[in-house]
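# Residue-level structural notes
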Amino acid sequence: MSDFTHFFWPAVITVVSLAGIAACAWLAWRHGRNPAYAQPAEAKPDTGHVWDGDLYELNNPPPRWWLWMFYLTVVFSLGYLIFYPGLGNFAGVLGWTQSGQYQAEREALDARVAPLYARFDGKTPEALAQDSEALAIGTSLFLNTCAQCHGSDARGARGYPNLTAGAWLHGGTADALRTTIAEGRHGVMPPMAAAVGTASDVRNVAAYVQSLSGMRTDSVAAARGKIGFMNNCAGCHGAEGKGNPLLGAPNLTDSVWLYGGSQADIIETITRGREGVMPAHAGRLTPQQIDLLVAYVLKVSGGPGR
Ligand code: HEC
Ligand code: HEC
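These lines cover the structure that appears in this document, whether it is placed above or below. Worth saying up front: this structure is predicted, and the values here are computed from it rather than measured.

As a structural note, the neighbourhood of ligand 2 is formed by 23 residues, with Cys146, Cys149, His150, His170 and Met278 the closest of them. Between Leu169 and ligand 2, the recorded distance is 2.7 Å, taken from a backbone N or O atom to an oxygen atom. Among the elements of the structure, α6 (147–150), α7 (174–183) and β4 (274–278) are those that each provide at least two residues to the shell around ligand 2. When the residues that make up the shell around ligand 2 are grouped by side-chain class, the tally is 14 nonpolar, 9 polar and no charged.

Structure follows, in structure tokens:
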């Protein structure tokens, strides 16, 4: 940060905050002793507001208790700004921070649940996948942190992988799953239509992709599309189309589709590319919680390597 942003804006915020509070205090004080209250109705300044013939503004002074409440809020806000951060760079004499409070609450919670997790210490995810108590915790962790994308039954949705199918983009071993959950994954299929050629070249390649998983498709088009696939797609999806977990490139020979297997879906994939992002969870979950999730995924997918 330059000196300017470091000092100028905090100074502006400090001045504006204090001036605002001072203005409120002044307004209340000034209003409380407005001489017009004491004057007879005829002598009051004409604000243009009269109701029921005799109800003027400035008929009655604000009640004392109301003024005192107002002054109290002013005192409170000054006190707040002394103890808590609020005035520019001044951190407040208590040294309180939002992130500090969050950290403290998290540590307290982690300490409280530690005994619950202690019995899983040193167990592999494969072993945890056989342990019903571990799976119960894994299931609730999944419902809390993963289900909004992968579905409460882990079967996913368009663009969000089905974790029960045993067909993996990034690998289904305990280690691969742990990496996926902790560090996240970013699958990138670039837009390929320009490289493939004309619209009918793209259609032919799409037909070839359909033929890879034994779908019924235009067999002449599929035969024509093979060369385009070999030239443009095999580098990532493999010569046989079986995918590459190092790149997150899916196996195109199974019947599991992330973005759909219709001709239109595949053409869209080739034309626009696809980019699925699995967010990293290492900062939000402990390593032990991640292992319990690995166990849960192993369980619902029928085990490693399937
Ligand atoms: C640079 C590597 C790369 C190349 C080249 C590539 N792909 Fe992909 N492809 C991927 C990745 C990675 C994904 C998964 C994208 C994601 O996770 O969002 C993917 C996804 C797909 C899908 C979606 C599968 C599904 O389950 O819905 C199809 C279909 C596909 N690619 C076909 C092709 C075809 C056809 C070509 C050649 C024209 C091609 N890809 C070229 C990496 C590649
Ligand atoms: C914001 C949505 C989102 C959340 C939350 C999310 N995921 Fe994902 N996840 C994805 C997407 C999208 C992919 C596919 C990435 C790609 O295309 O390569 C993915 C991929 C995966 C994969 C890899 C699948 C494969 O075929 O290799 C696993 C395993 C996984 N997620 C498990 C989890 C678990 C466990 C959680 C909870 C801790 C979770 N995900 C939370 C969106 C999400």
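From this point on, the discussion continues.
Okay, the site of ligand 1 next. Looking at ligand 1, there are 27 residues lining it, with Met189, Cys233, Cys236, His237 and Tyr259 nearest. His237 is positioned with one of its side-chain polar atoms (N or O) 2.8 Å from a nitrogen atom of ligand 1. Of all elements in the fold, only β3 (185–189), α9 (199–212), α11 (234–237), α12 (263–272) and β4 reach the threshold of two or more residues within the shell around ligand 1. Of the residues in the shell around ligand 1, the class split is 18 nonpolar, 7 polar and 2 charged.

So, on to the nonpolar core. One finds Phe120, Phe142, Leu292, Leu293 and Val294 to be the most contacted residues of the largest nonpolar core, which totals 25 residues. Counting residues per element, this core draws most heavily on helix α13 (residues 287–301), which supplies 8 residues. In this view, Phe120 contacts Leu128, Asp131, Glu133, Ala134, Ile137, Gln288 and Leu292; residues no more than four positions away in its chain are not counted. Counting 15 residues, the second-largest nonpolar core is a separate cluster that includes Met192, Val205, Val209 and Ala234.

Tracing the chain through its elements places Thr164 in the loop between α6 and α7. Under the relative-accessibility criterion, Thr164 is labelled buried at 14%.

Taken N-terminus to C-terminus, the directions of α9 and helix α10 (residues 219–232) make an angle of 95°; their axes are 7 Å apart at the nearest point. By the angle class used here, α9 and α10 are roughly perpendicular. Residues Asn204, Val205, Ala207, Tyr208, Val209, Ser211 and Leu212 of α9 pack against Ala221, Ala222, Arg224, Gly225, Lys226, Gly228, Phe229 and Met230 of α10. Split into classes, the residues belonging to the contact of α9 with α10 amount to 9 nonpolar, 4 polar and 2 charged.

For the coordinates displayed, the defined rule picks out 8 aromatic pairs. Taken together, a centroid distance of 5.0 Å and an interplanar angle of 25° make the contact between Tyr80 and Tyr84 stacked. For the ring pair Tyr84 and Trp96, a centre distance of 5.8 Å and an interplane angle of 75° mean the geometry is edge-to-face. Within this pair, whereas Tyr84 is found in the loop between α2 (64–83) and α3 (98–118), its partner Trp96 is found in the loop between α2 and α3, the two being separated by 12 residues in sequence. Relative accessible area serves as the criterion here: at 31%, Trp96 is assigned to the partly exposed category. One aromatic cluster is present, built from ring pairs that chain together Phe76, Tyr80, Tyr84 and Trp96.

Cut-off values and rules
Position labels on residues start from 1 in each chain and follow its written sequence. Whichever chain is written first becomes A and whichever ligand is written first becomes 1, with later ones labelled in order. Residues qualify for local features only when their pLDDT is at least 70, as the model is predicted, and side-chain atom pairs are given and counted only at 80 or more; totals for whole chains, interfaces and linings, by contrast, use all residues. Neither water nor hydrogens contribute to the side-chain values; these are computed over all heavy atoms in the structure. In this text, near means that some heavy atom of the residue lies within 4 Å of the molecule or strand in question. N or O atoms within 3.5 Å of each other form a polar contact, as long as, within protein, one can give a hydrogen and the other can take it, and as long as residues adjacent in sequence are counted only when both atoms are side-chain atoms. Each helix corresponds to a stretch of at least 4 residues labelled H or I by DSSP, and each strand to a stretch of at least 2 residues labelled E; elements are numbered beginning at the N terminus. Gly is put with the polar residues, along with every residue not named as nonpolar or charged; the nonpolar set is Ala, Val, Leu, Ile, Met, Phe, Trp, Tyr, Cys and Pro, and the charged set is Asp, Glu, Lys and Arg. Within this scheme, the nonpolar core is defined by two criteria: the residues are buried Ala, Val, Leu, Ile, Met, Phe, Trp, Tyr or Cys, and they are joined through side-chain atoms within 4.5 Å. We call a residue buried when its accessible area falls under 20% of the maximum for its residue type, exposed when it is over 50%, and partly exposed in between, using a 1.4 Å probe and counting protein chains only. Whether two residues are in contact is decided by their heavy atoms, any of which lying within 4.5 Å being enough. A fitted line through C-alpha atoms serves as each axis, taken over the contacting stretch for helices, and the angle formed by two N-to-C directions is quoted from 0 to 180°. Angle categories are assigned with fixed cut-offs, so that under 35 degrees is roughly parallel, over 145 is roughly antiparallel, 65 to 115 is roughly perpendicular, and the rest are oblique. Planes of paired rings set the category: under 30 degrees apart is stacked, over 60 is edge-to-face and the rest tilted, where pairs are Phe, Tyr or Trp rings (Trp by its six-membered ring) whose centres lie within 6.5 Å.

These figures come from the coordinates and say nothing about function on their own.
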